[in-house]
Amino acid sequence: MERGGWWRAIPTESLWRNLGLVGVLVVLFVIGAIIRPDLYGDSDWVVNNMLVILQQAAAIGVVTVGVTFVIIGGGIDLSVGALIALAGVWSTTLATQSYGAGGMIFAALAVGTVAGALNGLLIAYGRLVPFIATLAMLVAARGLAAQISGKQTQVSGDQFINGIATTKVAGIPMLVIILAVAAALGWVLLNRTTFGRRTVAIGSNAEAARLAGINVRRHTLLLYALSGLCCGIAAIMLTSLATSAQAAAAELYELDAIAAAIIGGTLLSGGRGTIVGSMFGVIVFSAITNLFAIANLPTEVQNMVKGGIIVLAVLVQQIRFRSLTTLFRKA
């Protein structure tokens, strides 16, 4: 192999991976057309179904943006589903709703950001392992949400919040637009700012980043606060979809978000990942869920398929990482 040739191949790796995910979406479409030709033969239904898939992926997609940053920075966040539930419950209490839509949105964003920052505080300054810190937050946030709501579903009475899920702009659902904006901002933050470069540097080698003058602790805290902010946004989106909030909401969202980031090319060991790849991962999982619903297959089978995809994606990552390490040593 030409010396340095593999370096030039790395920038195109994300492109090929994304094209592979597009191929997966095409395969899912073909499978759907074979299973239900009566539905897929209707072009209007196909377009509407594509919008449904994107709308279903919107909330988890916003969460995945924050989770992608955390994983690239060398961490993990298992608490995102619980933070969504806590932010949703807090924002739909009668006291919060008395302040109108602005108060509800502020409460959800503030609760998510503060809880995420607490994760970062425990990890960066308390020296807790991210897995342990965020797992503890998962349990605590679910418990607090249940305590606040009394284990009851809290109905949202605000028409503006409830209308977000039903509003369309130029035929595109508002939830999809929110996802697109979040993904675009995440892409800019990761690829065009110092914050993004520092995130990659810390995930690649935290000690080297510290010696280079980066405040690793503060940056880690900000990464988890960003993840919490995304959870607050997702809480408003889910509240709008269900016109209510409850402590059991967003269960297993942490699994879906982490899995979407992984199959999108984000390394679990940190230091590399893309927002575009993560969004493709989210859409793939949403398309699988949609296909299973169309085929009337049980949720249990769907979860088994997701689990298999996660294992396969991690195995592929490990093989690819070892190959690149070997090539680097030879070069």
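Reference entry: report on the structure contained in this document. Counting of residues starts from 1 at the beginning of each chain's written sequence and follows it residue by residue. Local features in this predicted model are restricted to residues of pLDDT 70 or higher, and side-chain atom pairs are both shown and tallied only at a pLDDT of 80 or more, whereas totals for entire chains, interfaces and linings draw on every residue. Hydrogens and waters are ignored; side-chain quantities use all the structure's heavy atoms.

### So, the state of the cysteines
Defined by distance alone, a disulfide is two cysteine sulfur atoms within 2.5 Å. For the coordinates displayed, the defined rule picks out 0 disulfides. Cys-231 provides the cysteine sulfur closest to Cys-230, a residue in no disulfide bond, and the two sulfurs are 7.1 Å apart. Judged by relative accessible area, Cys-231 falls into the buried class, the value being 0%. Only protein chains enter the accessibility calculation, which uses a 1.4 Å probe; a residue is then buried when its area is under 20% of its type maximum, exposed when over 50%, and partly exposed in between.

### Section: helix α10 (residues 194-204)
Side chains that are three or four residues apart share a direction in an α-helix, a result of its 3.6 residues per turn. Numbering of helices and strands runs from the N terminus; a helix is a DSSP stretch of H or I covering at least four residues, while a strand is a stretch of E covering at least two. Looking only at α10, the buried set comprises Phe-195, Gly-196, Thr-199, Ile-202 and Gly-203. End-on view of α10: buried residues confined to an arc of 130°, all on one side of the axis. Pointing more than 90 degrees away from the buried face of α10 are the exposed residues Arg-197 and Ser-204. Taking the helix axis as origin, the arc is that swept by the directions to the C-beta atoms.

### Let's talk about the side chain of Asp-77
Topologically, Asp-77 is positioned in the loop between α3 (43-72) and α4 (80-91). Buried charged residue Asp-77 carries no salt bridge. Nearest counter-charge: Arg-142, at 11 Å. Two N or O atoms form a polar contact when they lie within 3.5 Å of each other; inside protein one atom must be a possible hydrogen donor and the other a possible acceptor, and for residues adjacent in sequence the pair counts only when both atoms belong to side chains. Only 2.7 Å separates the side chain of Asp-77 from the side chain of Ser-79, close enough to count as a polar contact. At a separation of 2.9 Å, a polar atom in the side chain of Asp-77 contacts the side chain of Ser-227. Throughout, a residue-residue contact means that at least one pair of heavy atoms, one from each residue, lies within 4.5 Å. Beyond its immediate sequence surroundings of up to four residues, Asp-77 is in contact with Val-70, Asn-119, Thr-134, Tyr-224, Ser-227, Glu-254 and Ile-258. We treat Lys and Arg as the positive residues and Asp and Glu as the negative residues; His and chain ends play no part in the count. Each reported salt bridge corresponds to a side-chain nitrogen of Lys or Arg within 4 Å of a carboxyl oxygen of Asp or Glu.

### Remarks on the nonpolar core
The set of buried Ala, Val, Leu, Ile, Met, Phe, Trp, Tyr and Cys residues whose side-chain atoms join them within 4.5 Å is what this entry labels a nonpolar core. Grouped together as the largest cluster of nonpolar side chains are 73 residues, with contacts concentrated most on Val-63, Val-67, Phe-69, Ile-84, Ile-258, Ile-275 and Met-279. Among the elements that take part in this core, α3 stands out by supplying 13 residues, more than any other. Look past the residues within four positions of Ile-84 in its chain and what remains in contact with it is Val-63, Cys-231, Ala-234, Ala-235, Leu-238, Ala-250 and Tyr-253.

### Concerning the environment of Leu-189
On the secondary structure map, Leu-189 appears in helix α9 (residues 174-191). Along the backbone, Leu-189 and Phe-69 are 120 residues apart, and their C-alpha atoms lie at a distance of 9.6 Å. Excluding its chain neighbours within four sequence positions, the residues that come into contact with Leu-189 are Phe-69, Phe-195, Gly-196 and Leu-226.

### Considerations on the packing of aromatic side chains
Stacked, tilted and edge-to-face are the three classes assigned to paired rings of Phe, Tyr and Trp, where Trp is represented by its six-membered ring and a pair needs centres within 6.5 Å; plane angles under 30 degrees give stacked, over 60 edge-to-face, the rest tilted. Tallied over the full model, the rule gives 3 aromatic pairs. Seen from their ring centres, Phe-29 and Tyr-40 are 5.2 Å apart, and the 80° between their planes marks the pair as edge-to-face. With Phe-29 in helix α1 (residues 5-35) and Tyr-40 in helix α2 (residues 37-40), this pair connects stretches of sequence that are 11 residues apart. Judged by relative accessible area, Phe-29 falls into the partly exposed class, the value being 39%. Classification of Tyr-40 as buried rests on a relative accessible area of 13%. With centroids separated by 5.1 Å and ring planes inclined at 65°, the aromatic side chains of Tyr-40 and Trp-45 adopt a geometry described as edge-to-face.

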